[in-house]
Amino acid sequence: MAGAIIENMSTKKLVIVGVILLLFQAFAFMVGGLIAPSPTTAVHYLATKCVDTVKHRQDSKWFMPWGPNQCEKIRSFDEAMAKKIEANNIVFAVHIPLPNKEMSPWFQFMLVILQFDIAFKMHNQIEDGAMVTVDVGLAYRDDTISEWTEMAHSFEQRRLSCSFTTAKTYENEGRFYECDLLPFMEVGSVAHKYYLLNIRLPVNDRKKVNVGIGEIKDIRLVGIHQNGGFTKVWFAMKTFLTPSILIIMIWYWRRITLMSRPPVLLEKVILALGISMTFINIPVEWFSVGFNWTWMLLFGDIRQGIFYSMLLSFWIIFCGEHLMETQFFEAEVLGRGELKMCELCLPAIKIFPQLDLPTKKLQDQTERNRFSVYWKQVGPIVFGSFCLFIFDMCERGVQLTNPFYSIWASDVGTELAMAFIIVAGICACLYFLFLCFMVFQVFRNISGKRTSLPAMSKARRLHYEGLIFRFKFLMLVTLTCAAMTVIFFIISQVNEGHWHWGEHTVQVNSAFFTGIYGMWNLYVFAIMFLYAPSHKRYGDEQSSGQCITGDAGANSGEDIQLTTTITHVDGPTEIYKMSGKEAQE
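Residues numbered from 1 in each chain as written. Predicted model: local features only at pLDDT ≥ 70, side-chain atom pairs only at ≥ 80, totals over all residues. Heavy atoms only, no water.

We apply this condition: UniProt positions are given in the numbering used here, feature names are shortened, and annotations may be inferred rather than shown by experiment.
As recorded in an unreviewed UniProt entry, the protein chain goes by the name Wnt ligand secretion mediator, listed as coming from Amphiprion ocellaris. Checking UniProt for the protein chain, the heading Sequence similarities (unreviewed entry) contains the comment "Belongs to the wntless family." The annotation that UniProt attaches to the protein chain under Subcellular location (unreviewed entry) is "Golgi apparatus membrane".

1. What about a nonpolar patch on the surface?
Basically, it comes down to this: Residues qualify for a patch when their relative accessible area is over 30% and they have no salt bridge, like charges being joined within 9 Å and the nonpolar side chains of Val, Leu, Ile, Met, Phe, Trp and Tyr within 5 Å. The method behind every accessible area is Shrake-Rupley, applied with a 1.4 Å probe, and residues are considered shielded solely by the protein chains displayed. Here a salt bridge means any side-chain nitrogen of Lys or Arg lying within 4 Å of a carboxyl oxygen belonging to Asp or Glu. Think of it this way: any DSSP run of H or I at least four residues long counts as a helix, any run of E at least two long counts as a strand, and we number them from the N terminus.
A surface patch of nonpolar side chains, about 660 Å² in accessible area, is lined by Trp408, Met418, Ile421, Ile422, Ile426, Leu430 and Leu433. Residue placement: Ile421 occurs in helix α10 (residues 411-449).

2. Quick word on the UniProt feature "transmembrane region" (unreviewed entry) in the protein chain
Mapped onto this numbering, the UniProt entry annotates "transmembrane region" (unreviewed entry) at residues 233-253, 265-282, 302-320, 378-398, 418-446, 467-491 and 511-532. The span residues 233-253 is 100% helical and 0% strand by assignment, and the distance between its end C-alpha atoms comes to 31 Å. Span residues 302-320 is 100% helix and 0% strand, its end C-alpha atoms 27 Å apart.

3. Section: unusual backbone geometry
Using the following cut-off: Here's how the labels work: a residue is buried when its accessible area is under 20% of the maximum for its type, exposed when over 50%, partly exposed in between, all with a 1.4 Å probe on protein chains only.
In this structure, the amide linkage connecting Ile96 to the following residue, Pro97, adopts the cis form with an omega of 5°. Its place among the elements puts Pro97 in the loop between β3 (90-96) and β4 (110-119). Of note in the backbone geometry, Lys84 takes a positive phi value of approximately 55° without being a glycine. Structurally, the position occupied by Lys84 is in the loop between α3 (77-82) and β3. In this structure Lys84 comes out as exposed when scored by relative accessible area, which is 78%. In this structure, Gln108 is a non-glycine residue whose phi angle is positive, near 70°. For Gln108, the location among the structural elements is in the loop between β3 and β4.

4. Thoughts on the packing of helix α4 (residues 228-257) against helix α5 (residues 265-281)
What counts is decided by this rule: Here an axis means a line fitted to C-alpha atoms, over the contact stretch when the element is a helix, while the angle between two N-to-C directions is reported on a 0 to 180 degree scale. Throughout this description, any angle smaller than 35 degrees is read as roughly parallel, any larger than 145 degrees as roughly antiparallel, any in the 65 to 115 degree range as roughly perpendicular, and the remainder as oblique. Helix crossings fall into two classes, left-handed where the near helix is turned counterclockwise from the far one by less than a right angle and right-handed where it is turned clockwise. Residue contacts follow a heavy-atom distance rule, with two residues in contact if any of their heavy atoms lie within 4.5 Å. In this count, Pro and Cys sit with the nonpolar residues alongside Ala, Val, Leu, Ile, Met, Phe, Trp and Tyr, while Asp, Glu, Lys and Arg are called charged and the others, Gly among them, polar.
Taken N-terminus to C-terminus, the directions of α4 and α5 make an angle of 160°; their axes are 9 Å apart at the nearest point. On the basis of their axis angle, the class for α4 and α5 is roughly antiparallel. Between α4 and α5 the crossing geometry is left-handed. From α4, Lys238, Leu241, Thr242, Ile245, Leu246, Met249, Tyr252, Trp253 and Ile256 reach across to α5, where they touch Glu267, Ile270, Leu271, Gly274, Ile275, Met277, Thr278, Ile280 and Asn281. Classifying every residue of the contact of α4 with α5 gives 12 nonpolar, four polar and two charged.

This is the structure:
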């Protein structure tokens with residue numbers, strides 16, 4: 001074999017491949033921006049106040065806010081006081097979805113946010129650090145006549161964070177506090193058509209339960225679920241991209257195994273990157289449409305974490321392997337002039353044992369091609385990913401059995417969650433700084449190697465200049481991919497989610513999801529394609545790595561042998577072989 005495709009493919013063909021990948025990238029953004037709807041939909045609900053007329057409350061009884069079997073309702077708490085209805089007998093009922101609508105498995109998940117409407121009263125103000133205790137139950141059914149089946153029931157606490165912007169005087173009584181939204185419920189699958197929430201606010205003066213929380217007038221909920229149209233587009237992309245990455249990965253590894261030398265570390269890491277991309281691509285979400293798999297959100301987070309950890313590790317190793325010293329030997333025979341130059345993977349003394357050859361370069365190979373060398377760089381990535389995994393398990397892992405649980409509900413949980421996020425954020429910042437430093441070192445290292453190019457023949461000099469340009473361009477594309485991810489994430493957070501472009505509405509959030517997802521697939525595809533061994537072969541003298549004798553032989557070797565892959569321990573490309581480690585860590 002004679003090097004990798006990135007160095008042996010003609011510039012014309014390489015440009016064609018780049019244009020095709022760029023068109024696919026544009027298509028990925030257009031699919032999300034023009035075809036797919038917004039990723040999620042938010043629906044607002046106002047809880048209905050039902051009266052539990054049974055003296056001894058039965059947990060199996062569910063209160064419907066509307067329909068043929070609707071509950072006995074009251075409009076306000078003033079009406080309840082007039083009818084001498086106690087607070088413990090009031091049930092806030094919310095039916096999901098709204099009347100004449102149905103939920104669908106295509107919605108994938110259901111997230112519910114809680115907000116209290118609390119009026120200001122001089123004699124009933126919100127105390128500092130007030131905690132609301134809710135007795136909440138969730139039920140489901142798949143038609144309008146069946147009985148409700150309990151899905152979950154729990155007693156939860158949420159800390160109020162409210163502010164009153166005007167003066168606390170009698171004239172301002174009746175005005176409402178401005179309260180923050182509270183996490184309430186998250187379900188990892190939407191397998192049923194109808195859901196019912198019954199919420200109670202039990203009051204116990206002796207135990208200080210729901211005391212000092214102000215005068216609650218209403219409870220509002222915001223239900224968020226994934227759009228079915230976006231889910232179908234997302235599944236279609238996964239279904240299309242899975243075989244594409246799988247085929248290129250098998251093709252890449254088959255070419256690696258056909259070589260006479262064993263795979264080097266960089267080639268193994270590229271394979272691992274392809275495996276992680278395939279793992280995240282496999283559209284197992286299709287099964288969530290027919291099965292009630294509540295663990296799909298957690299499983300999706302784990303898959304994404306594995307891929308991004310592998311991607312970050314790949315960048316570190318990719319740069320590091322191009323900084324390591326190569327095993328490159330130049331030998332000159334004194335006296336007879338039979339040897340001009342030799343590029344070999346073995347020490348010259350072993351090839352010419354009868355000669356005492358002084359070597360101009362004899363560089364150490366011990367640090368290259370060893371994964372253990374990168375533990376200081378890959379360690380923070382693994383540690384940060386582990387922190388995020390623990391955070392995810394502490395919330396979504398518990399939500400598998402209790403959908404009302406939130407790690408942010410308690411002070412200890414909030415501190416732990418913030419600690420995990422901060423540590424992971426620090427690791428991410430250190431990573432990006434170190435990655436930029438490594439890219440700078442690689443560029444400076446390659447620039448230093450260019451000083452030897454003028455001494456080469458014109459054909460060989462142009463070849464190496466082309467290799468350096470291609471490698472630098474690939475590194476810039478890598479950094480651009482990372483930058484695009486950050487930029488589009490910020491855009492999706494600061495705008496309202498869509499732009500108007502003529503008569504068309506561009507869904508920015510959808511374009512972000514599909515575009516970035518397509519970008520990572522195309523990037524992994526390009527890396528495996530460009531770093532696969534080339535099928536081009538040259539003359540036996542050059543491809544076998546033998547020495548070229550005579551001055552004329554050396555010159556012809558420069559003109560003909562543009563790339564040489566050492567078939568023992570050297571790497572896949574000339575850039576890999578010619579780059580040296582100028583600055584030690």
